2 protein chains.
Amino acid sequence: MPRRNGTGPFWWRGRFKGCGYRLTIPRKAIVDVLDKANKHLSAEDIYLSAHKVYPAIGLTTIYRTLELLVQMGVVFKFASGDGRARYQLSAGPKAVKYHHQLVCTTCGRVIDYADFIDKEKELFSQTEKGLSEKYNFKILNRLVRFYGLCDECSQQRTVTSHKLQVTSHQSPERSKDC
Amino acid sequence: MPRRNGTGPFWWRGRFKGCGYRLTIPRKAIVDVLDKANKHLSAEDIYLSAHKVYPAIGLTTIYRTLELLVQMGVVFKFASGDGRARYQLSAGPKAVKYHHQLVCTTCGRVIDYADFIDKEKELFSQTEKGLSEKYNFKILNRLVRFYGLCDECSQQRTVTSHKLQVTSHQSPERSKDC
DNA sequence: TTGATAATGAAAACCATTATCAATATACAC
DNA sequence: GTGTATATTGATAATGGTTTTCATTATCAA
């Protein structure tokens, strides 16, 4: 039986018509790309994939359609550290309602972790309920990001420190964090 | 008594010399701005403030110095949704080790919340310990961001829906999320 | 099929950030 | 203090992701 909000294979199609927007070939191509992807994509990623299916598509349409989809609540957009936004479907079987990352502030590396999430879930279900009520905010997605130093950069930092010690005229009482 | 890592009023000054970098007027001006700010700032914010103290300063120096400070671990940089990065001191009395935000995906509004943080702290202290060990990652800062619809946009969305219903030729079976 | 209008894509504009490079300021040796 | 090597600076240009513009095309209800 059909569900009220539509979460079946083409749950998003009804949204277009329902909102007074036309369901065109480029738009189908874009949502299809997002639907088939199992991770978040950049606008360019989406462009390249959609281009294979529908070569006439332009990058402008990608951005415009993505904005539309975000407004409709079909797509979730978030800022990744590299200057490019990432997009993913906000519902359906592939939808991920949360992101958990370790971000290295030195090299920019991003580690997506899946550990300890179960413990978090319990806490967040309470927190989200409280926040929703207090701020009357409808929470759809969650991002937990830890910033710091990855294994490699912690080590390199020490190396850099040594190198500086050799080439520099400065005082030797330097810390590890250079 | 002086502390080993330096967290006093000018804790960051030693870092420059310690790392073999010169402590110049522009650099002092930039850190002073960050030190006096009680929230995260964009590069332009910092430029405008530093410019008042030292008008000869250029935007280039702002970016360059910020990068340096991030590398030294003095400044924490993170992506805000609006395409501009934000910066803040990573230590000292004004330093904030965590950010908790509600981000509206429709209007872009950001609500910084301070509720429920105590409960989170307990959980995160465990999670951070586990992650640090597993990935050998030194966690310095934390970002918790909930995406969704703010109060106003939830309501506007309904209004838009009505408007569409009047001006559109489309089927009336539209959802609230347009 | 038609006609009003929504949607498209190429190109230009925009804006935050980065790279280039000649000029300047700094720290150290003397 | 003076000189010298070099780190630092800032104006300018370049970059790259995203948005705007505008003439053309596709869509849908009638």
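Read on for a plain summary of the structure. (Residues numbered from 1 in each chain as written. Chains lettered and ligands numbered in written order. Predicted model: local features only at pLDDT ≥ 70, side-chain atom pairs only at ≥ 80, totals over all residues. Heavy atoms only, no water.)

### Remarks on the side chain of Gln88(B)
Residue and element names in this part refer to chain B. The condition is simple: Here a helix means four or more residues in a row that DSSP labels H or I, a strand means two or more in a row labelled E, and each is numbered from the N terminus. For the purposes of these results, a polar contact is taken to be a pair of N or O atoms within 3.5 Å, where, inside protein, one atom must be able to donate a hydrogen and its partner to accept one; residues adjacent in sequence count only when each atom of the pair is a side-chain atom. By definition in these notes, contact holds between two residues if any of their heavy atoms fall within 4.5 Å.
In this structure, glutamine 88 sits in strand β3 (residues 85-89). Engagement of the side chain of glutamine 88 in a polar contact is seen with the side chain of histidine 99, the distance being 2.9 Å. Contact partners of glutamine 88, with chain neighbours within four places excluded, come to Leu34, His40, Val74, Val75, Phe76, Val96, His99 and Asn141.

### Section: the protein's contact with DNA strand D
Cut-off, in case you're wondering: The near set for a molecule or strand comprises every residue that places at least one heavy atom within 4 Å of it. Classes in brief: Ala, Val, Leu, Ile, Met, Phe, Trp, Tyr, Cys and Pro nonpolar; Asp, Glu, Lys and Arg charged; the others, Gly included, polar.
Taken together, 25 residues are adjacent to DNA strand D, and Tyr63(A), Thr24(B), Arg27(B), Thr61(B) and Arg64(B) come closest. One of the side-chain nitrogen or oxygen atoms of Tyr63(A) is found 2.3 Å away from a phosphate oxygen of DNA strand D. Taking Arg27(B), its side chain carries an N or O atom lying 2.6 Å from a phosphate oxygen of DNA strand D. When residues of the surface near DNA strand D are traced back to their parent elements, those giving at least two are α4 (59-72) of chain A together with α2 (25-36) and α4 (59-72) of chain B. Looking at which element gives the most residues to the surface near DNA strand D, the answer is α4(A), with four residues. Of the residues assigned to the surface near DNA strand D, the class counts are 10 nonpolar, nine polar and six charged.

### Thoughts on the protein's contact with DNA strand C
Taken together, 23 residues sit near DNA strand C, with Thr24(A), Arg27(A), Thr61(A), Arg64(A) and Tyr63(B) positioned nearest. Across the atoms of DNA strand C situated within 4 Å of the protein, the share located in sugar and phosphate is 68%. At 2.3 Å from a phosphate oxygen of DNA strand C is found a side-chain nitrogen or oxygen belonging to Tyr63(B). Among the elements that take part in the surface near DNA strand C, α4(B) stands out by supplying four residues, more than any other.

### With respect to α4(A)
Residue and element names in this part refer to chain A. For the record, the criterion: How far a helix is expected to stretch is found by multiplying one less than its residue total by 1.5 Å. Relative accessible area decides the class of each residue, using a 1.4 Å probe on protein chains only: under 20% of the type maximum gives buried, over 50% gives exposed, and in between gives partly exposed.
In a regular helix each residue adds 1.5 Å, so 14 residues correspond to 20 Å; α4 covers 20 Å between its end C-alpha atoms and thus fits that length. Restricting attention to buried positions, one finds in α4 the residues Ile62, Thr65, Leu66, Leu68, Leu69, Val70 and Met72. Glycine 73 occupies a position one or two residues after α4 and carries a positive phi of about 85 degrees.

### Quick notes on the relation of the copies chain A and chain B
Spelled out, the test is: Superposing copies: least-squares fit, C-alpha atoms only, residues required to have pLDDT of at least 70 in both.
Mapping chain A onto chain B leaves a residual RMSD of 0.2 Å; the transformation is a rotation of 179 degrees accompanied by 0.0 Å of translation along its axis. The symmetry that links the two subunits is that of a two-fold axis. The rotation axis passes nearest to the C-alpha of Val144(A) in chain A, at a distance of 2.3 Å. When you check the interface residues of chain A against chain B, 100% turn up at the interface there too, and the contact is symmetric in its surfaces.

### Side note on the interface of chain A and chain B
The following threshold applies: Buried area counts how much accessible surface, traced with a 1.4 Å probe, disappears from two parts once they are put together, with both parts' losses summed. When a carboxyl oxygen of Asp or Glu lies within 4 Å of a side-chain nitrogen of Lys or Arg, that pair is called a salt bridge. Two strands are counted as paired when DSSP detects at least two bridges linking them.
Taken together, the 60 residues of chain A in the interface contact 60 residues of chain B. Of the roughly 5,400 Å² buried between chain A and chain B on both sides combined, carbon and sulfur atoms contribute 62%. The three residues of chain A that bury the most area against chain B are Phe137(A), Phe146(A) and Tyr147(A), which together make up 13% of that side's buried surface. Between the two partners, chain A and chain B, sit two salt bridges. Residue Lys134(B) pairs with Asp115(A) through a salt bridge whose shortest N-O separation is 2.6 Å. The tally of links from chain A across to chain B stands at 14 residue pairs in polar contact (both at pLDDT 80 or more). Those elements giving two or more residues to the side of chain A that touches chain B turn out to be α1 (11-18), α4, β2 (75-79), β4 (98-104), α5 (117-135), β6 (138-149) and α6 (151-167) of chain A. Per-element tally for the side of chain A that touches chain B: the top contributor is β6(A), with 12 residues. Partitioning the side of chain A that touches chain B into residue classes produces 27 nonpolar, 17 polar and 16 charged. Two strands pair when backbone bridges link them, and β6(A) and strand β6 (residues 138-149) of chain B are joined in this way by 11 bridges, in the antiparallel orientation. Its bridge partner being in β6(B), Asn141(A) is matched across the sheet by Tyr147(B).

### Some details on the sheet that holds β2(A)
Within a beta sheet, neighbouring strands are joined by backbone hydrogen bonds and run either parallel or antiparallel to one another. Residue and element names in this part refer to chain A. Spatially, three strands are ordered β1-β3-β2 in an open sheet, and the strand pairing comes out antiparallel. Of all strands in the sheet, those bounded by a partner on one side alone are β1 (41-42) and β2. Bridge analysis of β2 against strand β3 (residues 85-89) gives five bridges, and the strand direction is antiparallel. Each bridged residue has a counterpart across the sheet, and for valine 75 the counterpart in β3 is leucine 89.

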